[in-house]
Structures are given as C-alpha cells and as structure tokens.
Amino acid sequence: MAVNLLEAHAGVWMDSSEELIAGVRRGDENAFRLIFEQHHRFVFRFLYGMVGERRLAEELMQETFMQAYKNIGTVREEAKLLSWLCGIARNVALHSLRSRPGKNQWIGIDDQEVAELKDAQLTPETRMLNTELKAVIHDALAALDEDKRGVFILKVLQQMSYEEIAEVTGFSIPKLKTDLHRAKAQMRRLIRPYLEVRDEM
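Residues numbered from 1 in each chain as written. Predicted model: local features only at pLDDT ≥ 70, side-chain atom pairs only at ≥ 80, totals over all residues. Heavy atoms only, no water.

A. Here's a closer look at helix α9 (residues 162–169). Within α9, six of the eight residues are buried, which leaves the element mostly enclosed by the surrounding structure. Directly beyond the C-terminal end of α9, a positive phi value near 80° is found at G170. (Buried < 20%, exposed > 50% of the residue type's maximum accessible area, 1.4 Å probe, protein only. Helix = DSSP H or I, 4+ residues; strand = E, 2+ residues; numbered from the N terminus.)

Below is the structure:
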C-alpha cells in the first residue's frame, strides 16, 4: 500500500491527523504526503462536483493542498483535518467559479463511479437511459446556486454530517438543512419530467 511505503520511508508511524499535522509543522514532508494520500480523492470529488471539469478540478486540488501546506499552522486543535481541507477546497472552487462568470458550469461524476454504472450486462437501451439520466442530473445540479450545490454534494454525495459541513462552510446547521431541503426539492422538480417520460417508454 502507498501509505505503508511512505510510512517506511519516513521511518515513523503516524496514524492520526494530530500526529500528521504535528509532523508537517516540524517540516516533515512525508507527513504531508500522507495527508495528501489519505484525503486527495475526497477533495478531488468535491471539487469536481463544484466545477464540473476534470482538468480544472485537478488544478484546484493542487492549489488546495498547496494552501493547506502553507497554512497548516492555522488548523485548530478541535478541527477535523478533512473538514479543514474541504473548507480550503470550497474557497478555492468558489474563487474559480466567480472569476469565470461567463462560463457555463456542469457537474461531473467521478470516473470510477461512472465506470461502475457501465455494467456489461445492461442492454443498449438501459445504457442510453442511464447516460441521459446522468446528463439530466448534471444539468439539475448545475442549476443550483453555489451554497445549495455545496451542501448537496457534501451531504448527499460525500455523506458528511451537518456538523462537519458547518465546519467546512461556516454556515449554521439550520441554514444547511434549509439549503439541502430546497436543493432536493429543486432537483426533484427538474428531474421529474425526465423520469415521467422514461416511465412511459
């Protein structure tokens, strides 16, 4: 495993976020490499969901971890490392989106998740419908405003708790619940016409 190889190279066992953060603060680059290995997939999926472009999401992920490395000393003792990283990623994504207001955004799905949907036993008709449904979902997510999109991705797709999302966004839990309720309602409203047509086929 990559973590074991890095661990052996570092010559030290670091199995907690606190130990890794302390290692980075001491200048141990291997400690930060372990942080990257543990969390970059989650951060990438979140960024990909926010900006909808693989290449851009990869660039923003690199920027996120560069900012994290520079600002590791600001992590509060009670803060969860992943929530802190997602907070940085969210700010990076919002800055990117707002710096390109004229560019249409779409929401992407992680390649591995897409691959898992492409079951070899599916009929061509079912594959076509799945592709169309993904496109409809993408468009529906893209229609959400940034706050609702963010909470929907973190809560529904990334399975974070409200407490963790509040740590990431700085929003109150009541606001997050309201935003998620409205996001789900908007998603249902936008997706329902497609599902009704599909049921009639």
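B. Region of the structure containing the packing of helix α4 (residues 54–70) against helix α5 (residues 81–98). Viewed as axis vectors pointing N to C, α4 and α5 meet at an angle of 130°, and their least axial separation amounts to 9 Å. It follows that α4 is oblique to α5 by the angle criterion. Where α4 crosses over α5, the two elements pack in a sense that is right-handed. On α5, the residues touching L56, L60, E63, T64, F65, Q67 and A68 of α4 are W84, L85, I88, A89, V92, A93 and S96. When the residues that make up the contact of α4 with α5 are grouped by side-chain class, the tally is 10 nonpolar, three polar and one charged. (Axes fitted to C-alpha atoms, helices over the stretch in contact; angles between N-to-C directions. Parallel < 35°, antiparallel > 145°, perpendicular 65-115°, else oblique. Left-handed = near helix turned anticlockwise from the far one by under 90°. Contact = heavy atoms within 4.5 Å. Nonpolar A, V, L, I, M, F, W, Y, C, P; charged D, E, K, R; others polar.)

C. Broad picture of the pattern of salt bridges. A complete count under the given rule lists seven salt bridges for this structure. Ionic pairing is found between D147 and K175, a salt bridge with its closest N-O pair at 3.6 Å. Residue D147 is found in helix α8 (residues 146–157), and its partner K175 is found in helix α10 (residues 173–200); the two are separated by 28 residues along the sequence. D147 gets classed as partly exposed once you look at its relative accessible area, which sits at 26%. Residue D179 pairs with K175 through a salt bridge whose shortest N-O separation is 2.9 Å. With D179 and K175 both in helix α10 and four residues apart, this pair spans about one turn of that helix. Take D179: its relative accessible area is 5%, and that puts it in the buried class. (Salt bridge = Lys/Arg side-chain N within 4 Å of Asp/Glu carboxyl O.)

D. Highlighting the packing of aromatic side chains. All chains considered together, the criterion is met by four aromatic pairs. With 5.0 Å between their ring centres and 75° between their planes, F32 and Y69 make a pair best called edge-to-face. Taken together, the residues F32 in helix α3 (residues 29–51) and Y69 in helix α4 connect sequence positions 37 residues apart. Look at F32 and you get buried, because its relative accessible area is 12%. Their ring planes at 70° and their centres at 4.8 Å tell us that F36 and F65 sit as a pair that is edge-to-face. (Phe/Tyr/Trp six-rings, centres within 6.5 Å; stacked < 30°, edge-to-face > 60°.)

E. Local environment of the side chain of H40. Structurally, H40 can be placed in helix α3. Not counting residues within four places of it along the chain, the set of residues in contact with H40 comprises M61 and F65.

F. A look at the nonpolar core. Ranked by size, the top nonpolar core spans 50 residues in total, and within it I35, L47, M50, V51, W84 and L85 carry the most contacts. For this core, the secondary structure elements donating two or more residues are α2 (17–25), α3, α4, α5, α7 (124–142), α8, α9 and α10. With 12 residues, the top contributor of residues to this core is α3. Apart from the residues lying within four places of it in its own chain, the contact partners of L85 are I35, H39, V43, T64, F65 and A68. (Core = buried A, V, L, I, M, F, W, Y, C linked by side-chain atoms within 4.5 Å.)

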